[in-house]
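# A closer look at the structure
One-letter residues, chain by chain:
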Amino acid sequence: MTEGLRHISFASPVGPLTVFADGAHVIVLEAGRAPGGADDDPLLIEVCQQIDAYFDGRLEVFDLPLAPHGTPRQRETWAALLNIPYGQVRTYGDLAAELKSSARAIGGACGANPLPILIPCHRVIAAGGRDGGYSFADGLETKHQLLTLEGYTTRLI
């Protein structure tokens with residue numbers, strides 16, 4: 001999916017990240033480094049700057065042209081994730097009720113999110129305050145790190 005897209009790799013507190021763009025939109029954010037890259041691309045540089053500001057505690061809402069590829073239901077779920085405020089969480093069940101879906105479908109859409117951090121699937125937890133899952137970077141360790149950064153007092157298990 002990322003072949004032929006412009007990209008840049010950069011360091012972050014959760015490890016190296018690579019962001020991919022096509023045209024004027026951010027498409028994918030992956031953990032790890034990709035060879036090559038477009039170090040002079042204004043959009044990719046802006047993504048790096050905003051992610052750096054997020055990790056420095058200076059940015060709570062990203063202002064980037066996101067265009068993740070997914071099914072209509074996944075895109076609907078990802079749009080709902082963008083409405084979860086910084087430092088707050090929602091449960092899979094809460095989102096399922098809001099979107100007239102199932103908690104399992106919400107979890108599947110979160111797991112398929114091609115823009116973690118930018119589309120904050122780390123803010124979705126299981127019922128009773130349990131952590132649920134997280135498929136980006138180092139998994140639950142990264143989810144806890146992001147929620148802690150945002151000031152959410154975790155009682156995640």
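To be clear, the structure that these remarks concern was listed above.
As a starting point, this report considers the structure included with it. Being a predicted model, the structure only gives us computed values, none of them experimental.

So, about the environment of Leu64. Position of Leu64 relative to the elements: it lies in the loop between helix 1 (42–55) and helix 2 (72–81). Residue Leu64 is classed as buried on the basis of its relative accessible area of 13%. The residues touching Leu64, leaving out its near neighbours within four places in the chain, are Glu46, Val47, Gln50 and Leu118.

On to the sheet that holds strand 3 (residues 25–31), then. The antiparallel open sheet is built from three strands, whose spatial order is 1-2-3. In this open sheet, the two strands that pair with only one neighbour each are strand 1 (6–10) and strand 3. Taking the axes of each pair of neighbouring strands and ignoring which way they run, one obtains an average angle of 20° across the sheet. Here helix 1 sits on the sheet and contacts strand 1, strand 2 (17–22) and strand 3; the angle it forms with strand 1, its principal contact strand, is near 30°.

The next thing to look at is the pattern of salt bridges. All chains considered together, the criterion is met by five salt bridges. Measuring nitrogen to oxygen at the nearest pair gives 3.2 Å for the salt bridge that ties Asp56 to Arg58. As far as burial versus exposure is concerned, Asp56 and Arg58 are alike and both exposed.

Bringing the packing of helix 2 against helix 3 (residues 92–99) into the picture now. Two numbers describe how helix 2 lies on helix 3: the axes approach to 11 Å, and their chain directions differ by 120°. In the crossing of helix 2 with helix 3, the sense of the turn from one axis to the other is right-handed. Facing helix 2, whose interface residues are Arg73, Glu76, Thr77, Ala80 and Leu81, helix 3 presents Leu95, Glu98 and Leu99. By residue class, the composition of the contact of helix 2 with helix 3 is four nonpolar, one polar and three charged.

Turning our eyes to something else, we now look at helix 5 (residues 140–149). Buried within helix 5 we find Thr142, Lys143, Leu146 and Leu147. The buried residues of helix 5 occupy an angular sector of 130° when projected down its axis, which confines them to one face. Among the structural elements, helix 1, helix 3 and strand 5 (124–125) are those in contact with the buried residues of helix 5. Downstream of helix 5 by a residue or two, Gly151 has a phi angle that is positive, lying close to 85°.

All right, on to the side chain of Thr77 then. Along the chain, the position of Thr77 falls in helix 2. What Thr77 contacts, discounting residues up to four positions off in sequence, is Leu99, Ile106 and Ala109.

As defined by bridge partners, strand 2 adjoins strand 3 across six bridges and the pair is classed as antiparallel. Looking at the pairing, Val19 lines up with Leu29 of strand 3.

This next bit is on the packing of helix 3 against helix 4 (residues 103–111). Packing of helix 3 against helix 4 brings their axes to within 8 Å, and their N-to-C directions diverge by 105°. Regarding the angle of helix 3 to helix 4, the classification is roughly perpendicular. The residues of helix 4 that touch helix 3, namely those facing Tyr92, Gly93, Leu95, Ala96 and Leu99, are Ala103, Ile106, Gly107 and Cys110. In terms of residue class, the contact of helix 3 with helix 4 is made up of seven nonpolar, two polar and no charged.

Quick notes on the rules
- Residues numbered from 1 in each chain as written.
- Predicted model: local features only at pLDDT ≥ 70, side-chain atom pairs only at ≥ 80, totals over all residues.
- Heavy atoms only, no water.
- Helix = DSSP H or I, 4+ residues; strand = E, 2+ residues; numbered from the N terminus.
- Buried < 20%, exposed > 50% of the residue type's maximum accessible area, 1.4 Å probe, protein only.
- Contact = heavy atoms within 4.5 Å.
- Pairing = 2+ DSSP bridges.
- Axes fitted to C-alpha atoms, helices over the stretch in contact; angles between N-to-C directions.
- Salt bridge = Lys/Arg side-chain N within 4 Å of Asp/Glu carboxyl O.
- Left-handed = near helix turned anticlockwise from the far one by under 90°.
- Nonpolar A, V, L, I, M, F, W, Y, C, P; charged D, E, K, R; others polar.
- Arc of directions from axis to C-beta.
- Parallel < 35°, antiparallel > 145°, perpendicular 65-115°, else oblique.

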